[in-house]
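Close look at the chain arrangement
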Amino acid sequence: MEERKEKMLRDHLGDYCRRFSFLIPSKWRISNSKPTKSSQPVYKNYSCGEGMVKPTGIFLKKNKSTQAALFPQTYKVFMEEAYNAGICFKLLRELGSSDVPRVKIVTKKLSNMAKLEQAMVLETIHDFFGDNTELAAKHRYRIFQVLENIIFEATQIQDDWGERFLLLALDNMTVETELEDIYQDAASNVLLAMCKHSWPLVASKIEEDFLNGIFPHRSLLYVMGVLCINDQLLTPTQRACWQEQLIQMGARSVQFLAEDEWAKALMFAITKPDRTYLEQSPEKTFLFIYYGMILRAANNSAMVRKHLKLLLETSHHFAKQREGIALTIGLTAERHLDDAWAVLDQFGRTGHLKRTLNNYSLKEEEDTKWKWASSTILLSYGQMAAKAKENIFPWVDNISSRMVFFFRNSNWDDTLKQSFLEATLMLVGAISRNEGAHSYEFTQVPELVDCLMVLIKKEPQDTLCTTTRQQVMRIVSGLCKLRPHLDSKRKSKVLFTCFQSVYKLPLVETLEKHTCLLADPPDIQKLYMDTMNALDELLQSLISENPKSEELHYLLGHMYTWLSSEKVHERQRAVRSCMVLLKFLAQNACLDPSEEFGRIGHVVGMLGMLCQDPDKDIQQLMLEAVTYLHQIFLYQKAGVEAPVLFRNFRENEDVQSLSDMGPIPMPEAPLNASSHIIKAFVKHFSLPQMKDLISTVLDCLKSTLDFQIETAGEMLTVILEDFGPRMDSIADIARILYGHLTAIETVLAKKKVLKGIALLSRFHTQELVESFLEYSLPLERDAINLWRAMGSEKMIAARILHLLLNKLQERPIPGDNNWSKDNINYLDSLAAMNTLYEIQFSREYKEAVQNWYPQLLLGLLTQLHYIFELSLLEPSKENEKSQEEEEMPSPRSTSLDSVKSLLYTSGHWKDFAHLELQGAWDLFSNFSTYHQGVTLIARAMVQNSCSQVKGVLFQAISNMDTKPERDKKVASLIFTEFLNSPVMLEEFPKQAILSYLHQGLADPNPSIRVISLQGLKNVIFDTEKGNLLRSQLPAFLEGFYHDNEQVVMRVMSTVSDVLYCLSQQGAGLHCQEIALNLRSFFDDKSKFTFYRCAVFLNWKLRHTLFCTLAWEEGLSARHFLWSCLMENSNGEFQIYLTQALKYLHSHLRNLKTSAALFIGYTICYYPKAIFQKANEADMALFYSTFEELKKDPEQAIRDFAKRHSIFLEEASKTVH
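Bear in mind the structure is a predicted one, so any value in this text is a computation, not a measurement.

On to the overall build of the protein, then. Across its full length, the protein holds 61 helices and zero strands. For the protein, buried positions account for 52% of its 1216 residues. Taking all contacts inside the protein whose residues are at least 6 apart in sequence as the whole, residues at least 24 apart take part in 73%.

What follows is the structure in structure tokens.
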């Protein structure tokens, strides 16, 4: 079986060799001798991949080189080598096939074969080229591709093979075929692949061909171009040598520029259009470099300028052409900076470019050539800066100003944008690479920054398709490091623009949707992260140039708008930037520790607000940011490393961009993270830092986000509750609280502030009262709510009331040298009065007002006296405000209203009714009748048996011993009037009372002496005096019928005083006589009489009755009074009706009208009664009165008369 296989293989190989003997070198020709059995080859398949076609009939066996070295060549070795060569020749032959898939398979097989039998394959390829000179160009092209791949992939090639293939490549690089440049490039690529193994040989051959005085062939330029572009071909050492060799070649080529033919060939090659417009050919790339190297080495300034000018006169239509021109100018500027500057400056100020800048219309063919010449200029300036290195510093401002000029005056498009970006990037890079930059001041940096901000503003806000944003921010990062540093205004503009451009971008998912239809969509995720990282670098650059806490606060302050954004993704981006910046500072400890972190309070408040954000990612990022801030703060304060505020944040100390970070672990923080943060920071805060924190938290209450308002409220509560007792300078804090309270609009936020004020008032009641009095003149709604909040606790409310009373009594005396209406004590007294007036209506102070009623009553009455002393009048009518504005009450009216409200709101409405219905308040409109008003108040308390008489009495006695005369006067008036109260004798013996009165007689003030003297006349001190007064009453009663009305009024007043003096002993038998004589004087204005009768008869709803009598008018009031009379008549209905019928005959119209209305109401409810009681004359008069009422000026009465006339007619028909 084995012999049969060997025979078949031998026959097959012999047949193959005979058929293709013309392809096999003579050394591999197969002889006719028969091999022995032991020399039978072992077959092996070198195909790679599952999809490759296995060769049929011929198998390649690996040559065992060790055996060949140890033993003489045998027939077996010959057979193995023959097989290898045969298969290699067969595969090379198949490369000429038109079957493209087959060609790809063969190419891979040859590459794999070369990895095992490199020498055999290379020798076979070399012989194949030599023996087959008539091969098609395409076939040769494919063999060159295989050869390039084999050489490039090989780790080592024998020197003799390197030289052979170098010559083979050089021979074919200039061959003209139907494939044109493609064939030459394939041969050139073999030469390039040889650079890896035989670089000195390749370099010498290139230099030899370049410097022969003939303009280099295109393929040689191609090789040079690839060498310049492809960094993988040469090692760093080889590339350094190559660059030096290139400089020498440029210097040795200067002579060729003087030859017209050579120079024209160079310009022709440079201006020759490329095969494609998108990519520039390697040979064109090298030509621009070569041209620049030649001009750089030239020593003739005129020649340099001439060639640069010729170069600029070429077309600027294509991007690669513009870049090449700029590169040539940049290389030239390395030694001829003055010449390059002069040529560019002249070119920019004259010719076609000037017309383009001035927006002149160009012809279409001119437009394509010169349209983007400005971009070439910009790139040229950038290349000049990049190549001139440290020599560029004196030129930076000039170059920058020209770049700014062309940017601002050229037609805007993407080409100009990108050229300006690239040029600026090269300029900044050139400056940054040189250490001497810090010794220069670059005045044009602000202008460059402004142009860059224009670029970023022009980026569409809803898409992210380019790297413009990140390029701009990275350039600005470099510019920020130069002197002079950006001023605050321009820096603020940079931050605002960059934040808006980046943070306002839509969600990444939305950005990806916007690019899904593009032919070549960018990697949005990577582009987005690179953009965010560029922003981080900008912030880090700014803080690095000014490593102070003030700068950190400045940067974070510009994020505040975005940290409080309503959009989650905007907040998230701002929080991320904040966290990365703080992490950078914490891990590099670059802040100046000698300076106090003054605005740490603002930063803590700003960041702590987001630790309870509904978005979990924001929570995680912000908790990490706060942890880094805590480390920074304590290091700044004490210079020691801080404990970790939240765990899980020190696992990786390396500064990373967010794109390199894994998911941030959720910190192990308490449920209320914001409160935890406040407690951790505030215990180290100074007073200014505390104020800053409170102000920031209050600012956050203005947020439109509910969670921020809630968080701010919790933080404020923690601050004031836990640290309130240790606070000082409460006045400043109070001012901050009130200022924010008035600025906040939402009810929820206001409640949070008020709660904080209530907490603070526990520890600093007096300071807050003194501070808030400043905002109580006049008293606005927010100030009222503030006082109510402070009084939410009973003990605090009583304390506040006491403090306000003390402030009320701080009344500077007019006439003093230091007196003025701007005196702080005077204003505090008025403010305290305003506040006392308002809090009387607050339920929070209800109990305190009751307890402090005596002090309040005397204090407010004394305040009214004080205001009279100051002669403060009501605002004149000429100065009255419009109806749309709320009129500010005068101090006098406020003080009087305070007395009224005290009586009414504290439950002493009976006393109030007594005074209101008598019109007693009018007595306080004039200082001359002031004492009468005070007397009537005390009298009302006595007559209504007020429960506060005892307390007011003791307070009056206390005030009688005070120094201010006004206090003594008010106290004396009340004490004297209280002599008519049984409480006086219950509490004091007569001797003690007389002692107080005699004390008043000795007072220097005559008014007080008169008041005390009147008190001594009271009947309680002389029982016989009562009998004497009663005996005089009959004589006074005769005066009731005097013809003079004034005499009658004085007599009535005297009788009233006598009866009041006899209040405890009574008038005796004269009471009925007095009542009968007074009945004829009653009229419709006797409201007080009506009320006193209702009280005497113990009517129901007396309080409602009083309100109706005091403040209601019209038919509704009359109807209520009629109802009260009917409900409490107790069968006296007929008497009232009879009296009403008599009053119809009165000559007084008001009384007649009231009688008619009374009868009208009666008809509605008791129709039969009127007809039973009234005669014909009464009814006629009633009808006539109703007819008159139909013409009454008041519409309501007219309507009433019409309705009741109809009802009366119907009732009359029913009765009769």
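Ile694 and Trp787 are the most contacted members of the largest nonpolar core, which has 330 residues in total. Those residues in contact with Ile694 that lie beyond four places of it in its chain are Leu716, Ile719, Leu720, Met727, Ile733, Ile736 and Leu737. Ala1156, Tyr1161, Leu1189 and Phe1200 belong to the second-largest nonpolar core, a separate cluster that totals six residues.

Our next topic: the pattern of salt bridges. When the charged atoms of two side chains with opposite charge come close together, those side chains can pair. Using the criterion set out here, one finds 43 salt bridges in the structure. Asp345 is the partner of Arg349 in a salt bridge, and the nearest nitrogen-oxygen pair spans 2.8 Å. Note that Arg349 and Asp345 are positioned in helix H17 (residues 337-349) at a spacing of four residues, about one turn of the helix. Judged by its relative accessible area of 46%, Arg349 is partly exposed. Ionic pairing is found between Lys794 and Glu847, a salt bridge with its closest N-O pair at 3.4 Å. Separated by 53 residues along the polypeptide, Lys794 in helix H39 (residues 794-808) and Glu847 in helix H41 (residues 846-851) bring together distant segments of the chain. Assessed through its relative accessible area of 61%, Lys794 is described here as exposed. Here the residues in one salt-bridge network are Asp181, Asp185, Arg218 and Glu283, joined through shared partners.

As for its placement among the helices and strands, Leu759 is situated in helix H36 (residues 747-761). Residue classification places Leu759 among the buried residues on the basis of a relative accessible area of 7%. Placed 42 residues apart in sequence, Leu759 and Thr717 show a C-alpha to C-alpha distance of 7.5 Å. Discounting chain neighbours no more than four positions away, the residues touching Leu759 are Thr717, Leu720 and Glu721.

In this section: the environment of His998. Relative to the elements of secondary structure, His998 occurs in helix H49 (residues 990-1001). As a C-alpha pair, His998 and Gly1015 span 17 residues in sequence and 9.8 Å in three-dimensional space.

We now examine helix H28 (residues 549-563). The first and last C-alpha atoms of H28 sit 20 Å apart over 15 residues, in line with the 21 Å expected at 1.5 Å per residue. Taking the largest bend as the criterion, H28 deviates by roughly 25°, centred on Gly557. Along H28, the residues classified as buried are Ser549, Glu551, Leu552, His553, Tyr554, Leu555, Leu556, Met559, Trp562 and Leu563.

Working note: non-glycine residues mostly have negative phi, and peptide bonds are mostly trans. The omega torsion of the bond from Arg483 to Pro484 falls at -5°, within 30 degrees of zero and hence cis. Position of Pro484 among the secondary structure elements: in the loop between helix H24 (468-479) and helix H25 (488-503). If you check the backbone angles, Glu180 has positive phi at about 55° while not being a glycine. Secondary-structure assignment places Glu180 in the loop between helix H7 (159-173) and helix H8 (181-194). Glu180 sits in the exposed class, given a relative accessible area of 53%. The phi angle at Ser945 is positive, at roughly 50°, despite the residue not being glycine.

Packed helices, taken two at a time, are described by the angle their axes make and the gap between the axes. Interhelical geometry of helix H13 (residues 260-271) versus helix H14 (residues 282-297) gives an angle of 140° and a closest axis separation of 9 Å. Judged by the inter-axis angle, H13 sits oblique to H14. When you trace H13 past H14, the crossing you get is left-handed. Packed against H13, whose contacting residues are Trp262, Leu266, Met267, Ala269 and Ile270, the element H14 presents Lys284, Leu287, Phe288, Tyr290, Tyr291 and Ile294 at the interface. Classifying every residue of the contact of H13 with H14 by side-chain character gives ten nonpolar, no polar and one charged.

The subject of this paragraph is the confidence of the model for the protein. In this model, the protein carries a mean pLDDT of 79, and residues with pLDDT of at least 70 account for 75%. Per-element mean pLDDT across the protein ranges from 44 in helix H2 (residues 65-70) up to 95 in H25. Confidence drops under pLDDT 50 across residues 360-365; counting only partners more than four residues distant or on other chains, this segment forms four contacts. Across residues 873-886 the pLDDT falls below 50, and counting only partners more than four positions away or on other chains, this stretch makes seven contacts in the model.

It is worth spelling out the packing of helix H23 (residues 445-457) against H25 at this point. Where H23 contacts H25, the two axes come as close as 10 Å, and the packing angle between them is 20°. Judged on the interaxial angle alone, H25 and H23 are roughly parallel. The handedness of the crossing between H23 and H25 is left-handed. From H23, Pro446, Val449, Asp450, Met453, Ile456 and Lys457 reach across to H25, where they touch Arg490, Lys493, Val494, Thr497, Cys498 and Ser501.

If you walk through the whole model with that rule in mind, you get 36 aromatic pairs. For the ring pair Phe256 and Trp262, a centre distance of 5.4 Å and an interplane angle of 40° mean the geometry is tilted. Of note, Arg164 hangs over the ring of Trp161, and the distance from its end group to the ring centre comes to 4.1 Å. A cation sits over an aromatic face here: Lys196 above Phe152, 5.3 Å from the ring centre.

Moving on: the side chain of His197. By the element assignment, His197 lies in the loop between H8 and helix H9 (199-210). Note on His197: relative accessible area 18%, which makes it buried. Contact partners of His197, with chain neighbours within four places excluded, come to Ile151, Ala154, Thr155, Gln156 and Ile157.

This model, assessed by the stated rule, comprises zero disulfides. Distance from the sulfur of Cys611, which forms no disulfide, to the nearest cysteine sulfur (Cys578) is 9.9 Å.

Within the secondary structure, Trp909 is located in helix H44 (residues 909-916). In this structure Trp909 comes out as buried when scored by relative accessible area, which is 18%. The spatial distance from the C-alpha of Trp909 to the C-alpha of His1103 is 7.7 Å, given a sequence separation of 194 residues.

Calculation rules
Residues numbered from 1 in each chain as written. Predicted model: local features only at pLDDT ≥ 70, side-chain atom pairs only at ≥ 80, totals over all residues. Heavy atoms only, no water. Helix = DSSP H or I, 4+ residues; strand = E, 2+ residues; numbered from the N terminus. Buried < 20%, exposed > 50% of the residue type's maximum accessible area, 1.4 Å probe, protein only. Contact = heavy atoms within 4.5 Å. Core = buried A, V, L, I, M, F, W, Y, C linked by side-chain atoms within 4.5 Å. Salt bridge = Lys/Arg side-chain N within 4 Å of Asp/Glu carboxyl O. Expected span 1.5 Å × (residues − 1). Bend = angle between axes of the 7 residues up to and from the residue. Axes fitted to C-alpha atoms, helices over the stretch in contact; angles between N-to-C directions. Parallel < 35°, antiparallel > 145°, perpendicular 65-115°, else oblique. Left-handed = near helix turned anticlockwise from the far one by under 90°. Nonpolar A, V, L, I, M, F, W, Y, C, P; charged D, E, K, R; others polar. pLDDT = per-residue confidence, 0-100. Phe/Tyr/Trp six-rings, centres within 6.5 Å; stacked < 30°, edge-to-face > 60°. Lys NZ or Arg CZ within 6 Å of the ring centre and 35° of its normal. Disulfide = S-S within 2.5 Å.

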